[in-house]
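Per-entry structural report
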Amino acid sequence: MIAARRALLILACAGLLACASADSGQRAAERNTYLRYVTFEVPVNERVLLRWQTRQMPLRVHLPRPPAGMFEDDDAVWESVRDGVTDWTDVVGPGLPHFRFVDAPGDADIPVVWADEPDGDWYVAHCAYDINVMTRRFGVSRILVTARWQDGSLADVNDVYDVMLHEMGHALGLTGHSPHSEDVMFAGVQADREPGLSARDRATLRALYRRPIGSRVAGARSSR
Ligand SMILES: [Zn+2]
């Protein structure tokens, strides 16, 4: 999702979430990240990190071919979406994260769904979460892809790739946005940005997966 609302299925709860403070080594590793911008808000006035468990790897992704006639060059659009998924592979370390494409949407941790039109105020693609903060369960209900801008025009395949990379960052647990325009998790498409993940995008995902699920982050804030 770029600058749009996302469907957070969060159950109200007053349960306590683990509080793990970072040691000095962790703090050094987190210095050049935007970790404090990618926390989930939980009741009451708390922001915590949520993500997949490492034992859930490889994450199962369902990425069907676009419906016939949706795009002039189906293969190019499909490949740009696929690359947006797989280019996060091994960013944290060997096999983390890791993806396996499955044939049935019901078997997927991350179902990708082609849509003719957005179902909200987003464009190109959008990640919808399925989360339970009480149990700290992290999940993705789907990533919707239109590959089109708000005016209905087809996005360039490089932009589809970058937006899909951004949505996959959300799907891996980076719920907020980087304040730095060089990062793929910045809240808007930057025409002059180097394509792909920045060093800070990689460092932030590493920091997220090195912290326990449910960790609080010093200075955490919303970035929306
Ligand atoms: Zn976003």
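Throughout what follows, the structure given in this document is the object of discussion. Residues take numbers from 1 onward in each chain, read along the sequence in its written order. Whole-chain, interface and lining totals are the exception, using all residues; otherwise, since this is a predicted model, local features are given only for residues with pLDDT of at least 70 and side-chain atom pairs are given and counted only at 80 or more. Working from all heavy atoms in the structure, the side-chain values ignore hydrogens and water.

**Concerning the pairing of strand β6 (residues 125-129)**
Stated formally: Only protein chains enter the area calculation, which uses a 1.4 Å probe; residues under 20% of their type maximum are buried, those over 50% are exposed, and those in between are partly exposed. We count a stretch as a helix when DSSP gives it H or I for four or more residues in a row; a strand needs E for two or more, and each element gets its number in order from the N terminus. A pair of strands counts as paired when DSSP detects no fewer than two bridges linking them.
In terms of burial, β6 is largely enclosed, as five of its five residues are buried. In β6, alternate side chains face the same way, and those of A125, C127 and Y129 on one face and H126 and A128 on the other are all buried. Looking at chain direction, β6 and strand β7 (residues 140-145) are connected through five bridges and run antiparallel. Paired with A125 across the two strands is V145, which belongs to β7.

**A word on the pattern of salt bridges**
Two side chains bearing opposite charge may form a pair once their charged atoms approach each other closely. Applied cut-off: One side-chain nitrogen of Lys or Arg within 4 Å of one carboxyl oxygen of Asp or Glu is enough to make a salt bridge.
Here the structure, examined in full by the defined rule, presents eleven salt bridges. Residues R60 and D109 are paired through a salt bridge, measuring 2.9 Å at the closest nitrogen-oxygen approach. Of this pair, R60 sits in strand β3 (residues 59-62) while D109 sits in the loop between β4 (99-101) and β5 (110-114), and the two are 49 residues apart along the sequence. For R60, a relative accessible area of 31% gives the class partly exposed. Given a relative accessible area of 13%, D109 falls into the buried group. A network of salt bridges, in which partner residues are shared, links E182, D183 and R200.

**Quick word on the sheet that holds β6**
We apply this condition: Note on geometry: axes are lines fitted to C-alpha atoms, helical ones only across the stretch in contact, with angles between N-to-C directions running from 0 to 180 degrees. Contacts are assigned to residue pairs that have any heavy atoms within 4.5 Å of one another.
The strand order β4-β3-β5-β7-β6 describes an open sheet built from five strands, whose pairing is mixed. The strands lining the two open edges of the sheet, one partner per strand, are β4 and β6. For this sheet, the mean angle separating the axes of adjacent strands, direction not counted, is 25 degrees. Relative to β4, β3 runs parallel, the two sharing three bridges. Within β4, the position partnered with V61 by the bridge is F101. The sheet contacts of helix α2 (residues 74-86) involve β3, β4, β5 and β7, and relative to β4 the element is tilted by about 150 degrees.

**Describing the environment of V42**
Tracing the backbone shows V42 in strand β1 (residues 40-42). Judged by relative accessible area, V42 falls into the buried class, the value being 2%. For V42 and M134, which are 92 residues apart along the polypeptide, the C-alpha to C-alpha distance reads 8.9 Å.

**With respect to the packing of aromatic side chains**
The test is simple: Centres within 6.5 Å are what make two rings of Phe, Tyr or Trp a pair, Trp counting through its six-membered ring; a difference in plane orientation under 30 degrees is then read as stacked, over 60 as edge-to-face, and the rest as tilted. Remark: a charge is flagged as sitting over a ring if the NZ atom of Lys or the CZ atom of Arg is within 6 Å of the ring centre and within 35 degrees of the ring normal.
Inspection of the entire model under this criterion finds six aromatic pairs. Residues F40 and F138 carry aromatic rings whose centres are separated by 6.0 Å and whose planes lie at 75 degrees to one another, so their mutual orientation is edge-to-face. Of this pair, F40 sits in strand β1 while F138 sits in the loop between β6 and β7, and the two are 98 residues apart along the sequence. On the accessibility criterion, F40 (1% relative accessible area) is buried. A residue is classified by how much of its surface remains accessible, and F138, at 4% relative accessible area, is buried. With a centroid separation of 5.2 Å and 85 degrees between ring planes, the pair formed by W52 and F138 is classed as edge-to-face. Here F138 lies in the loop between β6 and β7 and W52 lies in the loop between β2 (46-48) and β3, a separation of 86 residues in the sequence. Among the aromatic side chains, those forming a connected cluster through ring pairs are F40, W52, Y129 and F138. The residue whose ring lies beneath R65 is W78, and the NZ or CZ to ring-centre distance is 4.0 Å.

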